[in-house]
Amino acid sequence: MSDEPQPQPQQPNRGWASGAPEAAGKAKKPKRPKRTGWRRLIPTWRIVLSTVVIGLLLVVGGFFLGYHLVQIPAANALATKQSNVYLYADGTVLARDGEVNRESVGLARISKDAQHAVLAAVDRDFYTESAIDPMAMVRAGWNTATGKGKQSGSTITQQYVKNYYLAQEQTVTRKVKEFFISIKLDREKSKDEILEGYLNTSFFGRGAYGIQSAAQAYFGVDAKDLTAAQGAYLASLLNAPSQYDVVAHPENRPAAEARWNYVMNGMVDKGWLSASDRAAAKFPKPKQSTISTNMSGQRGYVVNIVKKYLIENGIVDEEELGRGGYRITTTLQKDKQDAFVKAVDDKLMSQLDKKERKVDTYVRAGGASVDPKTGKVVAMYNGIDYVKQYTPNATRRDFQVGSTFKPFVFTSAVENHSETQSGQTINPNTRYDGTSERPVQGWAGGRYAPENEDQRDYGHVTVREATDKSINAVYAQMAVDVGSDKVMQTAIDLGLSKNTPELTPSPSIALGVATASPLDMAEAYATLANHGRHSTYTLVEKVMKDGKQEVELPERREHQAVSREAADTTTSVLRSVVQNGTASAAQAVGRPAAAKTGTAEEDTAAWFAGYTPDLATVVAVMGQDPKTAAHKSLYGAMGLARINGGGAPAEIWSQYTRNALEGEPVADFDLQLQAGADVTAPPSSDASDEPGDGDESGSSDPDASSTGDEDGSGSDTPGDSGSSTPPGDSGGTESDPPSTGGGTPGSGGPSTEPGPTGGGDSGGDDSSNGGTDPGGGDTDGAGGGDTDTGFPGIPVTPRRQ
């Protein structure tokens, strides 16, 4: 073993040399010094980059998520709700119904000037820009969120989305929805479609939604007729509808003019208006703002009658009509409509003194006028004011037509080549016994002996004389000679409804116990005026839906209802009534005319029905208690002893017809008469010289029967037919037996009592019956609704036949 000492292991040297091997490997970076002070608040570039990338991803993802989640909703209720617009035949507005004054129209029915004006005011680059303006959208959203006030949706597309699809609240949520819907809409609809929608949904003030309603409200024209100046004014209103109405706020005129100038200049800048036209344009003067009259005057009556016509003829479904959007051109002519109202006011309403004479409070008037050649209803009078008297008097079927029915009896006689009981052909010169209360011959239903008006006897008279003087005894016998069933059918062929109350086959049919409406009677008389040809009578000329779609109307048809000989011979007889009889007041029209008067039982209604070759018109003056709706006699009305057809109704007819045909060439009747009718037999020597209205239908129950010939040529002694039954005592109620024996013609006439509770107003004041409205339209009976029988459920009051 060696004695030399062994080497000892060396201890690590902690000096500088000890680090040399590490340095030869990987060098260690020195740590950054920690940021202190304000530097700690500044994000690093890494944080900024990450935030931007994440933000972009969120925005893009949110956009696509929102685009797929937000769907185009259905239109809001207000945006689609429209009024129905009713027009006169010349296109002027007659009435509007519905809560919202809007009438949508196609872009083609809005003038180019008006379109350009709106673009200049709202969105000049609409056709070239995208659906949204991001900067304006952000600005509007921010201002709304921070409570800085209501902000615009900027583009037309966005504003249309707000108007049509969304509510009007100013919230961020609505702005977001508006954003996405606008983008989608711009991809699915054309610019023209969007502009059209915007123009039809924007609010222009004065309660007008849409540019068509605004054009009417401010300038009384259609949107298609707006000038550049007018369009610029309406476009100005979009910014502040109420403030810029210079009629309502004249103090704001400078601001309105400044806005108008901005729009006009914008049109020039875009090349939509020439500089010369701009220089010549003047600030337009809007018309005075009118308080909405809604359904006042004749409007409400017409609207309801036309509605019923559309529904009953299957033209428009009731539910669809209720949604609105229909533009209905009626056949009514404004000048004639105004002339009718004025004639009633001049000859009747102005003569009433409701404070001094209670009977004057009962007076009602109704009438209708028809063009015989076309069958179009050109005018109607329904009452003093729809908001005061709901029942449309032109179409109600609850007052007897009286002797205005008699011409139908004679027409039927000629049409059916009828003969008297002794075998003589019935023509204008056939003689009948005109003795009051003479029992009719040949009627198997029992005794029937109607009295003439005032129980006047006329002896043996010709049919022409009997028509001139409206002799009941003659026409009751003629109805039996012809056959009352044939008479009824002729009346229906001429134009009366087969559902006319009290239109039954019995001798009393000749005296007008049926309760047809003035419009029914005007249609029937128009057929006579048109030589027996019956046209499809209509109240509607054209119907458009949403300003684009034309609704199909029933085909107009015309047929020969009765022979020309029958119609023309009747016309010749009725011309004699004007020249020599109870209708002489019609001579004031200054034209060839044919007419007949009539009076209902107990003078509850007076009628005048007549025509010229160009116009057939029927006028009725009726009596009705405004509180109970009961039929009332008109004795003492207007301060006169009685009202008959030759009085106020004839005067109304004459003034109206004269004014309605003013400026039209005078036409004469071109008649083809029954053989022998062109020669007038001399008047009967024993006939009374005093023509009465002869219209009041009446009956008697004589104790002894006549033994004379049925055609009046026998040995009846005038005035010797027995005692007269007191007025109102010959007819029975529906449950009582006839006083003249089994089978006697029914009592006729509707009840004079009011309808059942809730039945609706029968011409009474709104305040007197709780304001009940019968639902409008052609209410066939005073009880309202859709009945044809007057007052259902109430027993018939005894009345004279």
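Residues numbered from 1 in each chain as written. Predicted model: local features only at pLDDT ≥ 70, side-chain atom pairs only at ≥ 80, totals over all residues. Heavy atoms only, no water.

Glancing now at the overall build of the chain. Summing up its helical and strand segments, the chain has 22 helices and 16 strands in all. Counting every position in the chain, which comprises 801 residues, the buried fraction comes to 54%. In the chain, 74% of the contacts between residues at least 6 apart in sequence involve partners at least 24 apart. Split by element, the accessible area of the chain, about 35,200 Å² in all, is 51% carbon and sulfur. (Helix = DSSP H or I, 4+ residues; strand = E, 2+ residues; numbered from the N terminus. Buried < 20%, exposed > 50% of the residue type's maximum accessible area, 1.4 Å probe, protein only. Contact = heavy atoms within 4.5 Å. Areas by Shrake-Rupley, 256 points an atom, 1.4 Å probe, with all protein chains shown as cover.)

Relative to the helices and strands, Lys-406 resides in helix α16 (residues 406–415). Assessed through its relative accessible area of 0%, Lys-406 is described here as buried. In terms of polar contacts, Lys-406 uses its side chain to reach the side chain of Asn-472, at 2.7 Å. (Polar contact = N/O pair within 3.5 Å; in protein donor to acceptor, adjacent residues only side chain to side chain.)

Every second residue of strand β1 (residues 84–87) is oriented toward a common face, with Asn-84 and Tyr-86 on one face and Val-85 and Leu-87 on the other, all of them buried. In this antiparallel pair of consecutive strands, β1 and strand β2 (residues 93–97), the connection spans five residues, and Gly-91 shows a positive phi of 95°. Where β1 lies against strand β5 (residues 326–330), three bridges are found, and the strand directions are parallel. Bridging across to β5, Val-85 finds its partner in Arg-327. (Pairing = 2+ DSSP bridges.)

Counting residues in hydrophobic clusters, the biggest one holds 126 residues, and the most contacted among them are Leu-348, Phe-405, Phe-408 and Met-478. Beyond its immediate stretch of four places on either side in the chain, Phe-405 contacts Val-487, Ala-491, Leu-496, Leu-503, Ile-509, Ala-510, Gly-512 and Met-521. With 44 residues, the next largest nonpolar core counts Leu-199, Phe-204, Ala-223 and Leu-234 among its residues. (Core = buried A, V, L, I, M, F, W, Y, C linked by side-chain atoms within 4.5 Å.)

Read across the sheet, five strands follow the order β7-β6-β16-β15-β14 without closing on themselves; strand pairing throughout is antiparallel. Each edge of the open sheet is held by one strand with a lone partner, namely β7 (377–381) and β14 (594–599). Strand-to-strand, the axes of this sheet are offset by a mean angle of 5°, without reference to chain direction. Note: strand β6 (residues 363–370) against strand β16 (residues 616–623), eight bridges, orientation antiparallel. Paired with Ser-369 across the strands is Thr-617, a residue of β16. Its contacts with the sheet place helix α21 (residues 564–580) against β14 and β15 (605–611), and it is angled at close to 70° to β14. (Axes fitted to C-alpha atoms, helices over the stretch in contact; angles between N-to-C directions.)

Let us look at the pattern of salt bridges. Throughout the structure, instances matching the rule amount to 26 salt bridges. The shortest N-O distance in the salt bridge between Glu-541 and Lys-376 comes to 3.0 Å. Of the two residues, Glu-541 sits in strand β11 (residues 540–545) while Lys-376 sits in the loop between β6 and β7, which places them 165 residues apart along the sequence. Judged by its relative accessible area of 25%, Lys-376 falls in the partly exposed class. Of the charged contacts in the structure, one is a salt bridge between Asp-398 and Arg-396, with a shortest N-O distance of 2.8 Å. Like Arg-396, Asp-398 is buried. Taken together, the shared-partner salt bridges connect Arg-96, Glu-103, Asp-222 and Arg-327 into one network. (Salt bridge = Lys/Arg side-chain N within 4 Å of Asp/Glu carboxyl O.)

The strand order across the open sheet formed by five strands is β2-β1-β5-β11-β12, and the pairing between neighbours is mixed. Strands with a single pairing partner mark the edges of an open sheet, and in this sheet they are β2 and β12 (549–550). Note: β1 against β2, four bridges, orientation antiparallel. Residue pairing across strands places Leu-87 opposite Val-93, the latter belonging to β2. Together, β1, β2, β5 and β11 form the strand contacts of helix α13 (residues 299–312), whose direction differs from that of β2 by roughly 75°.

What follows is about the confidence of the model for the chain. Residue-level pLDDT values for the chain average 78, and 69% of them are 70 or greater. Considering only residues more than four positions removed or in separate chains, one finds that residues 1–5, a stretch of pLDDT under 50, has zero contacts. Per-residue pLDDT stays below 50 along residues 687–801; that stretch engages in 338 contacts with residues further than four places along the chain or on separate chains. (pLDDT = per-residue confidence, 0-100.)

Where α16 meets helix α18 (residues 472–482), the axes come as close as 10 Å, and the angle between the chain directions of the two elements is 40°. Here α16 is positioned oblique relative to α18, judged by the angle of their axes. Like other packed secondary-structure pairs, α16 and α18 cross with a definite hand, here left-handed. Across the interface between the two elements, Lys-406, Val-409, Phe-410, Ser-412 and Ala-413 of α16 pack against Asn-472, Tyr-475, Met-478, Ala-479 and Val-482 of α18. (Parallel < 35°, antiparallel > 145°, perpendicular 65-115°, else oblique. Left-handed = near helix turned anticlockwise from the far one by under 90°.)

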